[in-house]
Amino acid sequence: SRGLGDVYKRQLIIYMKSPLFVSLKNTKTRHIICKAHINGVAAQLLIDTGASSSCVHSILEEKFHLRSKGDSFDAAGASQGKMQAFLSRKAKLKLGRHDVGKLAFVLLDLSHINKTLISQGTLPIEGILGADFLKKKKVSIDYRSRKLWL
């Protein structure tokens, strides 16, 4: 029987043969950032495997032509208590040069995250690409080569 190492190597070879990857950038704070377009508008998204939902800073709703739907709800984050959030209608998402379909974002105040990033010499983020998207698209992240395989 094959061990997990063999399965991992085989899966990595499949991803490496795929032409669909997006280059990632490491920030000073060692976060991973990806260039994206939301509804055709350029965005910098933080890749966060620990975030259950992908989100966009609520003050950028108009910039990205997002429309909220439904009532607000309480969202919990790792660094702050419950925050008011809205779910957006599905938006066109492009990572690098690749159209990856549509995604509904949680519209959430990311000021507390950006304040911390700025205080540590890193540019603010406009949104977070979370586990909802990463799992749905079966994304693989190669940290060494800084590539997100689609």
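Residues numbered from 1 in each chain as written. Predicted model: local features only at pLDDT ≥ 70, side-chain atom pairs only at ≥ 80, totals over all residues. Heavy atoms only, no water.

1. Focus on helix H2 (residues 111–119)
Of all the residues in H2, the buried ones are His112, Asn114 and Leu117. Looking at the buried residues of H2, the elements they touch are strand E4 (55–57) and strand E6 (82–88). Of the residues trailing H2, Gly121 is marked for its positive phi of about 80 degrees. (Buried < 20%, exposed > 50% of the residue type's maximum accessible area, 1.4 Å probe, protein only. Helix = DSSP H or I, 4+ residues; strand = E, 2+ residues; numbered from the N terminus. Contact = heavy atoms within 4.5 Å.)

2. As for the packing of aromatic side chains
What describes a pair of aromatic rings is the distance from one ring centre to the other and the angle between the planes of the rings. For the coordinates displayed, the defined rule picks out one aromatic pair. Seen in terms of ring centroids, Phe21 and Trp149 are 5.1 Å apart; in terms of plane orientation they differ by 50 degrees. Their pairing is tilted. In this pair, Phe21 sits in strand E1 (residues 21–26) while Trp149 sits in strand E12 (residues 147–149), placing the two residues 128 residues apart along the sequence. Relative accessible area serves as the criterion here: at 28%, Phe21 is assigned to the partly exposed category. We classify Trp149 as buried; its relative accessible area is 5%. Sitting above the plane of the Phe21 ring, Lys147 keeps its charged end 4.3 Å from the centroid. (Phe/Tyr/Trp six-rings, centres within 6.5 Å; stacked < 30°, edge-to-face > 60°. Lys NZ or Arg CZ within 6 Å of the ring centre and 35° of its normal.)

3. Structural notes on the pattern of salt bridges
Proximity of charged atoms lets side chains of opposite charge pair with each other. Counted by the stated rule, this structure contains one salt bridge. Across the salt bridge formed by Glu126 and Lys63, the nearest N and O atoms sit 2.6 Å from each other. Here Lys63 lies in the loop between E4 and strand E5 (68–76) and Glu126 lies in the loop between H2 and strand E10 (127–129), a separation of 63 residues in the sequence. Its relative accessible area of 15% is what places Glu126 among the buried residues. (Salt bridge = Lys/Arg side-chain N within 4 Å of Asp/Glu carboxyl O.)

No statement about biological role is implied by the geometric values presented.
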